[in-house]
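Commentary on secondary and tertiary structure
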Amino acid sequence: MEASRGPPRVKNKAAAPVQISAEQLLREAVDRQETAIQKPTQRFADLEELKEYQGRKRREFEDYIRRNRVRLANWFQYAQWELEQKEFARARSVFERALDVHPNNTRMSILRLSRHNSVQLTDGRCRALDQVCRGRD
């Protein structure tokens with residue numbers, strides 16, 4: 001019973017015959033990592049199935065927004081998804097609702113205006129816009 005009390009004792013305190021460096025440990029850890037799991041691409045058999053999927057996603061986004069209205073990422077993700085679905089009126093509505101919650105957010109205002117005016121921002125222009133607006137938020 002006394003052996004089970006306290007921390008385990010090391011019997012052999014001699015150095016191991018083969019030493020492993022921290023770099024080697026990290027390299028092995030990276031090599032053993034599994035590749036990131038990718039979501040399967042959605043394929044829809046008909047329009048009804050697509051509409052059901054869009055309804056589920058909209059409900060999911062609305063739940064995220066209901067849980068945390070002040071988190072801008074929820075609004076941006078929802079609006080971006082609507083833009084990917086080519087639902088420009090809905091995306092504009094999401095931007096406007098976000099502006100009601102965050103009226104002083106410059107990034108949101110600029111993105112809403114650019115989308116409203118049908119100006120398509122490329123990734124590079126969006127990154128540049130993000131950098132400009134970070135100092136103003």
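This text gives an overview of the structure that appears in the document.

Reading guide: rules and limits
- For every chain, the first residue of its written sequence is number 1, and the numbers climb from 1 along that sequence.
- Residues qualify for local features only when their pLDDT is at least 70, as the model is predicted, and side-chain atom pairs are given and counted only at 80 or more; totals for whole chains, interfaces and linings, by contrast, use all residues.
- Heavy atoms throughout the structure, all of them, feed into the side-chain values; hydrogens and water do not.
- Secondary structure is summarised from DSSP: a helix means a run of H or I of at least four residues, a strand means a run of E of at least two, and numbering begins at the N terminus for each.
- Partly exposed residues are those whose accessible area sits between 20% and 50% of the maximum for their type, while under 20% is buried and over 50% is exposed, using a 1.4 Å probe and protein chains only.
- Here the Shrake-Rupley method, with its probe set to 1.4 Å, supplies the accessible areas, and only the displayed protein chains count as covering residues.
- Buried residues of nine kinds, namely Ala, Val, Leu, Ile, Met, Phe, Trp, Tyr and Cys, make up a nonpolar core once their side-chain atoms join them within 4.5 Å.
- It only takes one pair of heavy atoms within 4.5 Å for two residues to be counted as in contact.
- Throughout, an axis means a line fitted to C-alpha atoms (over the contacting stretch in the case of helices), and angles, computed between N-to-C directions, take values from 0 to 180 degrees.
- Under this scheme an angle from 65 to 115 degrees is roughly perpendicular, one under 35 degrees roughly parallel, and one over 145 degrees roughly antiparallel; angles in between are oblique.
- Each crossing is labelled by how the near helix is turned from the far one, with a counterclockwise turn of less than a right angle marking it left-handed and a clockwise turn marking it right-handed.
- Residue polarity follows a fixed list, in which Ala, Val, Leu, Ile, Met, Phe, Trp, Tyr, Cys and Pro are nonpolar, Asp, Glu, Lys and Arg are charged, and the others, Gly among them, are polar.
- Planes of paired rings set the category: under 30 degrees apart is stacked, over 60 is edge-to-face and the rest tilted, where pairs are Phe, Tyr or Trp rings (Trp by its six-membered ring) whose centres lie within 6.5 Å.
- Salt bridges, as used here, are contacts in which a Lys or Arg side-chain nitrogen is within 4 Å of a carboxyl oxygen on Asp or Glu.

1. Some details on the overall build of the protein
The secondary structure content of the protein amounts to six helices and zero strands. Its helices and strands in sequence order give the protein the pattern α-α-α-α-α-α, from N to C terminus. Taken across its 137 residues, the protein has 23% of its residues classed as buried. Roughly 11,400 Å² of accessible area belongs to the protein as shown, and the carbon and sulfur atoms make up 50% of that amount.

2. Some words on the nonpolar core
Counting residues in each nonpolar core, the largest one holds twelve residues, listed as Tyr53, Phe61, Ile65, Trp75, Tyr78, Ala79, Trp81, Leu83, Ala91, Val94, Phe95 and Ala98. Looking at this core, the elements with two or more residues in it are helix H2 (47–67), helix H3 (72–84) and helix H4 (88–101). The leading source of residues in this core is H3, at five residues. Sequence-distant contacts of alanine 79, that is, excluding residues within four places in its chain, are made with Ala91, Val94 and Phe95.

3. Observations regarding the environment of glutamine 42
Inspection of the secondary structure puts glutamine 42 in the loop between helix H1 (22–32) and H2. Judged by its relative accessible area of 48%, glutamine 42 is partly exposed. In this structure the C-alpha to C-alpha distance between glutamine 42 and tyrosine 53, which are eleven residues apart in sequence, comes to 9.4 Å.

4. Description of the packing of H2 against H3
The geometry of H2 relative to H3 is characterised by a closest axis approach of 9 Å and an angle of 165 degrees between their N-to-C directions. Regarding the angle of H2 to H3, the classification is roughly antiparallel. The hand of the H2/H3 crossing is left-handed. Side by side, H2 and H3 meet where Tyr53, Gln54, Lys57, Arg58, Phe61, Glu62, Tyr64 and Ile65 of the first sit next to Asn74, Trp75, Gln77, Tyr78, Trp81 and Glu82 of the second. Tallied by class, the residues present in the contact of H2 with H3 amount to seven nonpolar, three polar and four charged.

5. Quick word on the packing of aromatic side chains
Tallied over the entire structure, the rule returns five aromatic pairs. Ring centres of phenylalanine 44 and tyrosine 53 lie 5.1 Å apart, and the angle between their planes is 45 degrees; on these two criteria the pair is classed as tilted. The partly exposed category is assigned to phenylalanine 44, whose relative accessible area is 30%. Classification of tyrosine 53 as buried rests on a relative accessible area of 17%.

6. So, the pattern of salt bridges
The full count for this structure, using the stated rule, is seven salt bridges. One salt bridge connects glutamate 82 with arginine 58, and the closest N-O pair in it is separated by 2.7 Å. Taken together, the residues glutamate 82 in helix H3 and arginine 58 in helix H2 connect sequence positions 24 residues apart. Taken as a pair, glutamate 82 and arginine 58 share a single burial class, namely buried.

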